[in-house]
Amino acid sequence: MSRRLRAFKRWMRSQGIECSNTLEIIDDGCEQGFSVKALCGLAEGDLVATIPKSACLTIQTSAAREIIEDAGLAGLLGLAVALMYEKSLGEVSAWAGYLQLLPDSECAPLVWTLDEVDSLLNGTELHKTVKEDKTLFYEDWKECILPLIVNGPIKLNPNCFGVEQYFAVRSLIASRSFEIDDYHGVGMVPVADLDNDVEDDGVGSCSNKLSTEDHHFIENTSSSALSGKYSLNDSHVEYSPNSEDDPMALEMIVVKAIEAGAEVFNTYGSLGNAALLHRYGFTEPDNPFDIVNIELNIVLEWSKSLFSSRYVRARLSLWRRLGFSGCVSPSSEYFEISSDDMVCEALFSLADIRESFYGESSIEDDIEVLKRGCPMLGRKLYHSVMLRVSERRIIQKLRMYASSSSRRTKRTHIKKS
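As the structure is a prediction and not an experimental result, all values here were calculated from the model. For every chain, the first residue of the written sequence is number 1, and numbering continues from 1 onward in sequence order. Where local features are concerned, this predicted model is filtered to residues with pLDDT of at least 70; where side-chain atom pairs are given and counted, the filter is 80 or more; whole-chain, interface and lining totals use all residues. Only hydrogens and water are set aside; all other atoms, that is, all heavy atoms of the structure, feed into the side-chain values.

Brief notes about the overall build of the protein
Looking only at helices and strands, the protein features 15 helices and 13 strands. For the exposure calls, accessible area comes from a 1.4 Å probe over protein chains only, and a residue counts as buried if that area is under 20% of its type's maximum, exposed if over 50%, partly exposed in between. Burial statistics for the protein: of 417 residues in total, 49% are counted as buried. Residue pairs in contact within the protein that sit at least 24 positions apart in sequence constitute 66% of those at least 6 positions apart. Values of accessible area rely on a 1.4 Å probe in the Shrake-Rupley scheme; residue burial ignores everything except the protein chains shown. For the protein, the exposed surface amounts to about 20,700 Å²; the carbon and sulfur share of it is 52%. Helix numbers and strand numbers start at the N terminus; a helix is a DSSP run of H or I with at least 4 residues, a strand a run of E with at least 2. Contacts were defined at the residue level, with two residues in contact if any of their heavy atoms lie within 4.5 Å.

This is the structure we're talking about:
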């Protein structure tokens, strides 16, 4: 057992965290490398861990509580200050045994440089989103955290509360935090947030693995998606923030049998690669939940190349009045359409426009890059190319759909005539 794992287990005992001896936490020897294995068979309903809420790092439990509340901070921003403060205390922190297990940051695009974001994510669903995140998070830091460094009630170390440190802890919070209850709000939950790595097809241990079969999972769900009772395992372990037996503790309960010797992996729910890379810093080959958005403004620009602006506006207004808009949000809008020659031609054109966002390299070029594997390419390049390939395959399917729909329409016209 490694030194840091021994320290963590001592800290767990001191905090009253009870982890079943049927589970083994293994230090894989790298910065983020921890795995969990079932030492014996586990049945549905087995309790595998009990975590007092007092052991969770939240605004309410942090030594920085008064600083945070006096500054009027709350939610994820307040938790970020709490996490930075506890990290700044080092061994003095009540969470030192837990914090020494955490990486400095997740390898999520939020902590990439702007040059890396522009070069690696250009054309993908994430490019614009990550740049917006960086701008908004920087404004949060400048308006809410910088004043604490300059004029706060106690002297804070700028090296522990700088903008880079803020981005780093926000990446940890995005991937590891949970909604605990109304009093504690969002917090870091030791044991429940352990990351696990797995090797697969040359990807290597620098990639977290999301799979849909043949593995046992513990789910790590972003705090923004949590409410009520949460599943920490889409098939095996359930995490309950409000235990009926002890309202001051959290529980992890087996909901599907686990075989002895099975390794336990993190799963993150029904998320596409853009969401996985955005929140957690990894992607999944052949992810069935991938999506590609074709924004309404692209459709309108294409329409204006064929029709007058007045005609396009009239058609758009008509679609909306008829209720053909299936989804409307501040940034996106989708319409129900039929398959005829005009629609198929439009889909081909829109696929070409969307494909052009990725630059001059082809999907075949990207696939060749992926064959070299993550250890050779580096984590950032590997997962950004994986995201690009995932999206471009969807665009290929769009072309295939348009082509098959066009052929069916033509056969129907011939038959009718």
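Examining the side chain of Thr 22
Residue position: Thr 22 is located in the loop between β1 (18–19) and β2 (23–27). We classify Thr 22 as buried; its relative accessible area is 13%. Under this definition, polar contacts are N or O atom pairs within 3.5 Å; protein pairs additionally need one hydrogen-donor-capable and one acceptor-capable atom, and for neighbouring residues in sequence, both atoms have to be side-chain atoms. Among the polar contacts made by the side chain of Thr 22, one reaches the side chain of Ser 20 at a distance of 2.6 Å. Contacts of Thr 22, omitting those with residues within four sequence positions, involve Lys 37, Ala 38, Leu 39, Cys 40, Leu 42 and Val 48.

Brief notes about the packing of aromatic side chains
Side-chain rings of Phe, Tyr and Trp (the six-membered ring for Trp) are treated as a pair once their centres are within 6.5 Å; stacked means planes under 30 degrees apart, edge-to-face means over 60, and tilted covers the remaining angles. According to the stated counting rule, one finds 8 aromatic pairs in the structure shown. Relative to Tyr 98, the ring of Trp 11 has its centre 5.9 Å away and its plane inclined at 25 degrees; by these criteria the two rings are stacked. Taken together, the residues Trp 11 in helix α1 (residues 3–14) and Tyr 98 in helix α4 (residues 96–99) connect sequence positions 87 residues apart. Grouping residues by exposure puts Trp 11 and Tyr 98 together as buried. Ring geometry for Phe 137 versus Phe 167: centroids 6.2 Å apart, planes at 85 degrees, classification edge-to-face. Linking Phe 137 in helix α6 (residues 126–151) with Phe 167 in helix α8 (residues 163–176), this pair joins segments that are 30 residues apart in sequence. Following the ring pairs from residue to residue traces out a cluster consisting of Phe 8, Trp 11 and Tyr 98. Any Lys NZ or Arg CZ that is within 6 Å of a ring centre and within 35 degrees of that ring's normal is treated as a charge sitting over the ring. If you follow Arg 170 out to its NZ or CZ, it ends over the ring of Phe 137, 4.2 Å from the centre.

Overview of the packing of helix α3 (residues 75–89) against α6
As a rule, the C-alpha atoms of each element are fitted with a line to give its axis, helices using only the stretch in contact, and angles between N-to-C directions run from 0 to 180 degrees. Following both chains from N to C, one finds α3 and α6 inclined at 45 degrees, their axes separated by 12 Å at the closest point. One element, α3, and the other, α6, form an angle in the oblique class. Where α3 crosses over α6, the handedness of that crossing is right-handed. Only Asp 140, Cys 144, Ile 145 and Leu 148 of α6 make contact with α3, whose side of the interface consists of Leu 77, Val 81 and Met 84. Looking at the contact of α3 with α6, its residues break down into 6 nonpolar, no polar and 1 charged. Throughout, the term roughly parallel applies to angles under 35 degrees, roughly antiparallel to angles over 145, roughly perpendicular to angles from 65 to 115, and oblique to all others. What makes a crossing left-handed is the near helix being turned counterclockwise from the far one by less than a right angle; a clockwise turn instead makes it right-handed. Residue classes follow a fixed rule: Ala, Val, Leu, Ile, Met, Phe, Trp, Tyr, Cys and Pro count as nonpolar, while Asp, Glu, Lys and Arg count as charged, and any other residue, Gly among them, counts as polar.

A closer look at the environment of Ile 149
As for its placement among the helices and strands, Ile 149 is situated in helix α6. Owing to a relative accessible area of 17%, Ile 149 belongs among the buried residues under this scheme. Placed 12 residues apart in sequence, Ile 149 and Phe 161 show a C-alpha to C-alpha distance of 7.4 Å. Setting aside residues up to four positions removed in sequence, Ile 149 forms contacts with Trp 141, Leu 156, Pro 158 and Phe 161.

With respect to the pattern of salt bridges
Here a salt bridge means any side-chain nitrogen of Lys or Arg lying within 4 Å of a carboxyl oxygen belonging to Asp or Glu. By the definition in use, this model includes 15 salt bridges. A salt bridge links Lys 37 to Glu 24, with the nearest nitrogen and oxygen atoms 4.0 Å apart. Highlighted residues: Lys 37 in strand β3 (residues 34–38) and Glu 24 in strand β2, separated in sequence by 13 residues. Judged by relative accessible area, which is 29%, Lys 37 ranks as partly exposed. Relative accessible area serves as the criterion here: at 30%, Glu 24 is assigned to the partly exposed category. Salt bridges sharing common partners tie together Glu 355, Asp 366, Arg 388 and Arg 392.

A short note on the pairing of strand β10 (residues 249–254)
Counting buried positions over the 6 residues of β10 gives 5, a clear majority of the element. Bridge count for strand β4 (residues 47–52) against β10 is 5 bridges, and the pairing is antiparallel. When the sheet's bridge partners are listed, Ile 51 is paired in β10 with Leu 250. Two strands pair under a simple rule: DSSP has to find at least two bridges between them.

Observations regarding the nonpolar core
As used here, the term nonpolar core means buried Ala, Val, Leu, Ile, Met, Phe, Trp, Tyr and Cys residues forming a set that is joined through side-chain atoms within 4.5 Å. Ranked by size, the top nonpolar core spans 61 residues in total, and within it Phe 8, Ile 51 and Tyr 166 carry the most contacts. In terms of residue count, the dominant contributor to this core is α3 (8 residues). Contacts of Ile 51, omitting those with residues within four sequence positions, involve Ile 17, Cys 56, Val 189, Pro 190, Val 191, Ala 192, Ala 249, Leu 250 and Met 252. Within the second largest apolar cluster, 10 residues are counted, among which are Val 117, Leu 120, Leu 126 and Ala 274.

Side note on the confidence of the model for the protein
Across the chain, each position has a pLDDT score giving the predictor's confidence in that residue, from 0 to 100. Taken over all residues, the pLDDT of the protein has a mean of 79, while the share at 70 or more is 76%. Per-residue pLDDT stays below 50 along residues 195–239; that stretch engages in 161 contacts with residues further than four places along the chain or on separate chains. Here residues 410–417 is a poorly scored stretch, pLDDT under 50, and it has 2 contacts once near neighbours within four places are set aside; other chains count.

With respect to a positive patch on the surface
Taken together, Arg 3, Arg 6, Arg 10 and Arg 13 make up a surface patch of like positive charges. Within the secondary structure layout, Arg 10 lies in helix α1. The patch calculation keeps residues exceeding 30% relative accessible area without a salt bridge and links them within 9 Å when they carry like charges or within 5 Å when they are nonpolar (Val, Leu, Ile, Met, Phe, Trp, Tyr). When charges are tallied, Lys and Arg are placed among the positive residues and Asp and Glu among the negative ones, while His and the ends of the chain are skipped. Taken as the charge centre is NZ of Lys, CZ of Arg, CG of Asp or CD of Glu, depending on the residue.

Points about the pairing of strand β6 (residues 185–188)
Summarising the sheet, strand β5 (residues 177–181) and β6 pair through 4 bridges and their orientation is antiparallel. Bridged to Ser 177 within β6 is Met 188. What sits between β5 and β6 in their antiparallel hairpin is a turn of 3 residues.

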